[in-house]
Amino acid sequence: MSRKVQFRLLVALTAVWGLWAAWSMFARTSPVTVRVIDDVGLPVADAGVSLDGRPMGSTAADGTIVVDWPRPASGLDVMAPGYEEASLDVGEPGEAPIEVVMRPRLLRGRVTDPQGNMVAGAYVLAGAGNAVSDGEGRFVVRKAEPGAIEVWRPAWQGATVTWDGGAAEIEATISPQVIRAVHLGGEAVQKSLGYFLDMTERTDVNGLMIDLKDETGSVFYDSSIQSVQAVRSKWLLYDLPEVVRQADQRGVYLIGRIVAFQDPIASIRAPEMAVWDTQTDAPYHKGAQYFLDPSDQAAQEYALELGREACIAGVDEIQFDYVRYPDGRPDWARFDQPTDEATRVATIRDFLATAVADLHPLGCAVAADVFGFTTQALDDGGIGQQWETVTEVVDVASPMLYPSHYGNGWNGYDDPNDHPAAIVSDALESGLERLSRRIIVRPWLQDFGYQTEEVEAQIDQAEQRGLGWMLWNSRSEFTEDALGPPSD
């Protein structure tokens, strides 16, 4: 055999050996289970797993993936949104699953208002991670993703800040929306919606309060709630989605009013929900007022269902009115639960807290309409409305500061109705001083039985404190001369 032939044979054998060696290396694989968990032992799904830079797939819902482990591969890398990358030098894997612990990426910061006050209850969204600011405005988002961070709170103007993924805390400033609104009964929505929408363009009014369910127990839109069908409370006057569309088109803030526990229709047609008069063995009433039992779960759910439905339709805020026990009730009025003060206060608070839990995920703010005296009284007035307790949970507190509703001699005024500015000022000063956290106080003001200057005097007191306001007139007739020009 010539040397040339020998050389060619050697080259061929070397090539074959190289191919066999390479094939052997990749052929020598075995199934290995990789289990990916976070710092508290929970599985991490959809984590991308690579071996020596080669993608092998993603973990299942239980955090595991089975890979064909080639010898002598040893570099294991795992990546998942919201987590810091994890890398392991495994060496020769054994029979037991390889466990990889991933540390979630943490975003820390605080939320403040323009004056630097801490804001509790703000929602922080950072990719798949989210958190809610605490009583000091601080938050920690687990599984945060760098980039645009959204911060918002119902009834506030949100903010977007950029995070680079570093350890430094971020600060976000959000501002409460200053809403100036007028009240529209069901028939006013039906007949005069266009007029009131135009009002928002020629005055400083930027919100409309519409009755969804009023004191008569009537529901004015095409509700599909079973309770509405059961008590036959629908009085169809307007198309709620169309009202929402028109309000959105004009940039008008839309508040839906739900009269919660004063309800003649449901009290008579579903008496099991009503306050019961043990003397007459019938639903309790005081004149034309019939009350549902605030401690009755079905009565609570009726109001909450309406709130959820309206939020889904696009209403910005739900205000619960008559969220209280009947005032001046006799001892023989019976309720599901005891009616001592502690129970009354807890019942109203828990109802409102449930509303917040239900409606916030749907994007709605929760407001409570309370008696004006609550801003200055220390007790609940026998109706379950205690200022500090209510304002612990709601987004918006709306005391009814109608001077004509205060008794003679209140705060030393022979006739409070003659002192609209002073009555509103005293109530707001006391109420704002007693807040335990930063919320929106948007009072109801009286626009009935007054001339322009009396309405202006009340509005001025709210404006001096940077507050919005709502004008009440049961006939939806307002003193437009008392309104300011459109604001920017």
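See the structure printed just above.
These numbers were taken from a predicted model, which means no experiment stands behind them. (Residues numbered from 1 in each chain as written. Predicted model: local features only at pLDDT ≥ 70, side-chain atom pairs only at ≥ 80, totals over all residues. Heavy atoms only, no water.)

Participant: Please give an account of the nonpolar core that cites residues and values.
Facilitator: If you look at the biggest cluster of nonpolar residues, it comprises 88 residues, and the most contacted ones within it are Y238, I318, F320 and L352. In terms of residues, this core owes the most to one element, helix 6 (residues 297-313), which gives seven residues. With near-sequence residues (within four places) excluded, F320 lies in contact with I258, A303, L304, F351, L352, A355, L359, V366, A367, A368 and D369. Grouped together as the second largest cluster of nonpolar side chains are 34 residues, V111, A131, V161 and I255 included. (Core = buried A, V, L, I, M, F, W, Y, C linked by side-chain atoms within 4.5 Å. Buried < 20%, exposed > 50% of the residue type's maximum accessible area, 1.4 Å probe, protein only. Helix = DSSP H or I, 4+ residues; strand = E, 2+ residues; numbered from the N terminus. Contact = heavy atoms within 4.5 Å.)

Participant: Can you explain the sheet that holds strand 25 (residues 333-334)? Please cite residues and give values.
Facilitator: Taken together, the three strands give an open sheet; going across it, the order is 21-20-25, and neighbouring strands pair in antiparallel fashion. Two strands close off the open sheet at either side, each with one partner strand: strand 21 (282-283) and strand 25. As defined by bridge partners, strand 20 (residues 276-277) adjoins strand 21 across two bridges and the pair is classed as antiparallel. Note on strand 21: the bridge partner recorded for W276 is P283. (Pairing = 2+ DSSP bridges.)

Participant: Go over the pairing of strand 24 (residues 317-321), please, and point to the residues and values.
Facilitator: In terms of burial, strand 24 is a largely internal element, five of the five residues being buried. Burial of the side chains of strand 24 extends over both faces: E317, Q319 and D321 are buried on one face and I318 and F320 on the other. Bridge count for strand 19 (residues 253-259) against strand 24 is five bridges, and the pairing is parallel. Its bridge partner being in strand 24, I258 is matched across the sheet by F320. Where strand 24 lies against strand 26 (residues 365-371), four bridges are found, and the strand directions are parallel. Considered in strand 26, the bridge of Q319 is made with A367.

Participant: Please give an account of the packing of aromatic side chains that cites residues and values.
Facilitator: Scanning the entire structure with this criterion turns up twelve aromatic pairs. Geometrically, the ring pair formed by F320 and F351 is edge-to-face, given 5.2 Å between the ring centres and 80 degrees between the ring planes. Here the residue F320 occupies a position in strand 24, and F351 occupies one in helix 7 (residues 341-359), the gap between them amounting to 31 residues. On the basis of relative accessibility, which here comes to 0%, the residue F351 falls in the buried class. (Phe/Tyr/Trp six-rings, centres within 6.5 Å; stacked < 30°, edge-to-face > 60°.)

Participant: So what about the pattern of salt bridges? Which residues, and what values?
Facilitator: For the structure on display, the rule yields 28 salt bridges. The shortest N-O distance in the salt bridge between R142 and D38 comes to 3.8 Å. In this pair, R142 is assigned in the loop between strand 11 (138-141) and strand 12 (147-152) and D38 in strand 1 (residues 29-38), connecting sequence segments 104 residues apart. Between R349 and E392 there is a salt bridge whose closest N-O contact spans 3.4 Å. Residue R349 is found in helix 7, and its partner E392 is found in the loop between helix 8 (387-391) and strand 27 (396-400); the two are separated by 43 residues along the sequence. Look at E392 and you get partly exposed, because its relative accessible area is 38%. (Salt bridge = Lys/Arg side-chain N within 4 Å of Asp/Glu carboxyl O.)

Participant: Go over a negative patch on the surface, please, and point to the residues and values.
Facilitator: On the surface, a cluster of negative charge is contributed by E453, E456, D460 and D481. Mapped onto the fold, D481 is located in the segment after strand 30 (469-472). Of the residues examined, D481 reaches a relative accessible area of 63% and is grouped as exposed. (Patch = residues over 30% accessible without salt bridge, like charges linked within 9 Å, V, L, I, M, F, W, Y side chains within 5 Å. Areas by Shrake-Rupley, 256 points an atom, 1.4 Å probe, with all protein chains shown as cover. Lys, Arg positive; Asp, Glu negative; His and termini not counted. Charge placed at Lys NZ, Arg CZ, Asp CG, Glu CD.)

Participant: Talk me through the packing of helix 6 against helix 7; I want residue IDs and the actual numbers.
Facilitator: Any two packed helices are characterised by the angle at which their axes cross and by the distance between the axes. Direction vectors running N to C along helix 6 and helix 7 enclose 25 degrees, while the axes themselves pass 10 Å from each other. Looking at the two axes, helix 6 sits roughly parallel to helix 7. The crossing of helix 6 and helix 7 is right-handed. Only T347, F351, T354, A355, D358 and L359 of helix 7 make contact with helix 6, whose side of the interface consists of Q300, A303, L304, G307, R308 and C311. Across the contact of helix 6 with helix 7, the residue classes break down as six nonpolar, four polar and two charged. (Axes fitted to C-alpha atoms, helices over the stretch in contact; angles between N-to-C directions. Parallel < 35°, antiparallel > 145°, perpendicular 65-115°, else oblique. Left-handed = near helix turned anticlockwise from the far one by under 90°. Nonpolar A, V, L, I, M, F, W, Y, C, P; charged D, E, K, R; others polar.)

Participant: Requested: an account of unusual backbone geometry, with residues and values cited.
Facilitator: Phi is mostly negative for residues that are not glycine, and the peptide bonds are mostly trans. Its identity as a non-glycine residue notwithstanding, K143 has a phi of 60 degrees, on the positive side. Mapped onto the secondary structure, K143 falls in the loop between strand 11 and strand 12. A residue is classified by how much of its surface remains accessible, and K143, at 34% relative accessible area, is partly exposed. You will see that N411, though not glycine, has its phi angle at about 55 degrees, which is positive. With respect to the helices and strands, the residue N411 is situated in the loop between strand 27 and helix 9 (420-433). Overall, N411 belongs to the partly exposed group, its relative accessible area being 37%.

Participant: I'd like a description of the sheet that holds strand 8 (residues 107-112), backed by residues and values.
Facilitator: Read across the sheet, three strands follow the order 11-8-15 without closing on themselves; strand pairing throughout is mixed. The open sheet has two free edges, formed respectively by strand 11 and strand 15 (170-173), since each of these has just one partner strand. Taken over all neighbouring pairs, the strand axes of this sheet differ in orientation by 30 degrees on average, direction set aside. Strand direction decides the pairing type here: strand 8 and strand 15, joined by four bridges, are parallel. If you follow R110 over to strand 15, its bridge partner there is E171.

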